[in-house]
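Inside the fold
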Amino acid sequence: MSTERRAPLDRRRVADTALRLLNEVGLDGLTLRAIAKELDVKAPALYWHFKDKQALLDEMATEMYRRMLAGTPLDPADTWRELLRKSNHALRTSLLGYRDGAKVFSGSRFTGAVHAEQMEESLRLLTAAGFTLAQAVRAATTTYMFTLGFVIEQQGAEPLPGLRREGFDVDERARMLAAYPLTAAAGAEIFADYEQHYGEALDLVIAGIAAAYGVD
């Protein structure tokens, strides 16, 4: 009989395992039973830590955010535009690191106050730049929701970087829509060069925020 001791089962270990498994099976295939098998425990053992799958997704989203924070500390010297640009690029990069990462993040709630410190600093910088608190919240949440929606759409076509779903080939789409030349040509603007298109679109959103609120 093996005398090797396994690491104790806790919320963090379950979430870590679930995030690793996510890239293999996607969100639809990520069941508590599959995670339990990966951990070499019985599925009921997980219910001591998570009452249902959504509770697990909340913990996974929290862990994703925790890892993102570790790699992207805020710079107090940033302008408000730089703050929104950097934080959203960091969010997108983090979400793209996991299959269906944006779907996991969307609608989940953090299981602790892991987000509070950075949120406080971000709102402080935005209000110091001339936004009211309400405007600062709108600016931050608008760019956040834009990023989340962009990545959901991107991962719908490319579940993982370099892995494109059938039906999203740009050349094939252009041939099928040859009778509609502008629509056919638009495919390259929608389903290719996501990095460039995201950066341009985020800048448009930020420019709109500046124009709407009159903040330089």
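Each value, and the rule that gives it
Residues numbered from 1 in each chain as written. Predicted model: local features only at pLDDT ≥ 70, side-chain atom pairs only at ≥ 80, totals over all residues. Heavy atoms only, no water. Patch = residues over 30% accessible without salt bridge, like charges linked within 9 Å, V, L, I, M, F, W, Y side chains within 5 Å. Areas by Shrake-Rupley, 256 points an atom, 1.4 Å probe, with all protein chains shown as cover. Salt bridge = Lys/Arg side-chain N within 4 Å of Asp/Glu carboxyl O. Lys, Arg positive; Asp, Glu negative; His and termini not counted. Charge placed at Lys NZ, Arg CZ, Asp CG, Glu CD. Helix = DSSP H or I, 4+ residues; strand = E, 2+ residues; numbered from the N terminus. Buried < 20%, exposed > 50% of the residue type's maximum accessible area, 1.4 Å probe, protein only. UniProt positions renumbered as here; feature names shortened; annotations may be inferred. Axes fitted to C-alpha atoms, helices over the stretch in contact; angles between N-to-C directions. Parallel < 35°, antiparallel > 145°, perpendicular 65-115°, else oblique. Left-handed = near helix turned anticlockwise from the far one by under 90°. Contact = heavy atoms within 4.5 Å. Nonpolar A, V, L, I, M, F, W, Y, C, P; charged D, E, K, R; others polar. pLDDT = per-residue confidence, 0-100. 1 Å grid on protein atoms, 1.4 Å probe; cavity = no way out; pocket = protein on both sides within 12 Å on 5 of 7 lines; lining within 4 Å. Points joined across faces, edges and corners; volume = space filled by probe spheres on them.

Turning our eyes to something else, we now look at a negative patch on the surface. Taken together, Glu 166, Asp 169, Asp 171 and Glu 172 make up a surface patch of like negative charges. Tracing the sequence through the fold places Asp 169 in the loop between α7 (133-157) and α8 (170-176). Asp 169 gets classed as partly exposed once you look at its relative accessible area, which sits at 35%.

Our focus in this paragraph is the UniProt feature "DNA-binding region" (unreviewed entry) in the chain. Residues given the UniProt feature "DNA-binding region" (unreviewed entry) here are residues 31-50. Annotated as 40% helix and 0% strand, the span residues 31-50 places its first and last C-alpha atoms 12 Å apart.

Bringing the packing of helix α4 (residues 80-96) against α7 into the picture now. With their axes 10 Å apart at the nearest point, α4 and α7 run at an angle of 30 degrees to one another. With respect to α7, the element α4 is oriented roughly parallel. Handedness of the crossing formed by α4 with α7: right-handed. Within the contact between the two elements, α4 uses Leu 84, Asn 88, Leu 91, Arg 92, Leu 95 and Leu 96 and α7 uses Ala 139, Ala 140, Thr 143, Tyr 144, Thr 147, Leu 148, Phe 150, Val 151, Gln 154 and Gln 155. Counted by class, the contact of α4 with α7 contains 10 nonpolar, five polar and one charged residues.

Under the criterion given, the structure shown has 10 salt bridges. Its salt-bridge partner being Glu 195, residue Arg 92 comes within 2.7 Å of it at the nearest N-O pair. Placement of Arg 92 in helix α4 and of Glu 195 in helix α10 (residues 194-213) is noted, with a sequence separation of 103 residues between them.

The UniProt record annotates "domain: HTH tetR-type" (unreviewed entry) at residues 8-68. Helix makes up 70% of residues 8-68 and strand 0%, with an end-to-end C-alpha separation of 25 Å.

Locating Arg 173 in the fold gives a position in helix α8. Separated by 12 residues in the primary sequence, Arg 173 and Ala 185 have C-alpha atoms spaced 9.2 Å apart. Setting aside its immediate chain neighbours within four residues, Arg 173 contacts Thr 183, Ala 184, Ala 186, Gly 187 and Phe 191.

This part is about the packing of helix α6 (residues 116-128) against α7. A packed helix pair is summarised by two numbers, namely the angle formed by the two axes and the spacing between the axes. Where α6 contacts α7, the axes come no closer than 9 Å and their chain directions differ by 120 degrees. Comparing their axes, α7 and α6 come out oblique. The handedness of the crossing between α6 and α7 comes out as right-handed. Contact residues: α6 offers Leu 123, Leu 126 and Thr 127, while α7 offers Leu 133, Ala 136, Val 137 and Ala 140. Of the residues in the contact of α6 with α7, the class split is six nonpolar, one polar and no charged.

This next bit is on the confidence of the model for the chain. If pLDDT is low for a region, its predicted coordinates should not be looked at in detail. Mean pLDDT over the chain: 90, with 97% of residues reaching 70 or higher. The secondary structure element of the chain with the lowest average pLDDT is helix α3 (residues 53-71), at 89, and the one with the highest is α10, at 97.

Let's shift gears to the layout of surface pockets. Volume-wise, the largest pocket comes out at about 590 Å³. Considering the residues around the largest pocket, the lining is formed by 23 residues, among which Tyr 65, Gln 118, Met 119, Ala 140 and Tyr 144 are closest to the centre. Mapped by element, the contributors of at least two residues to the lining of the largest pocket are α3, α4, α6 and α7. Tallied by class, residues from the lining of the largest pocket come to 14 nonpolar, eight polar and one charged.

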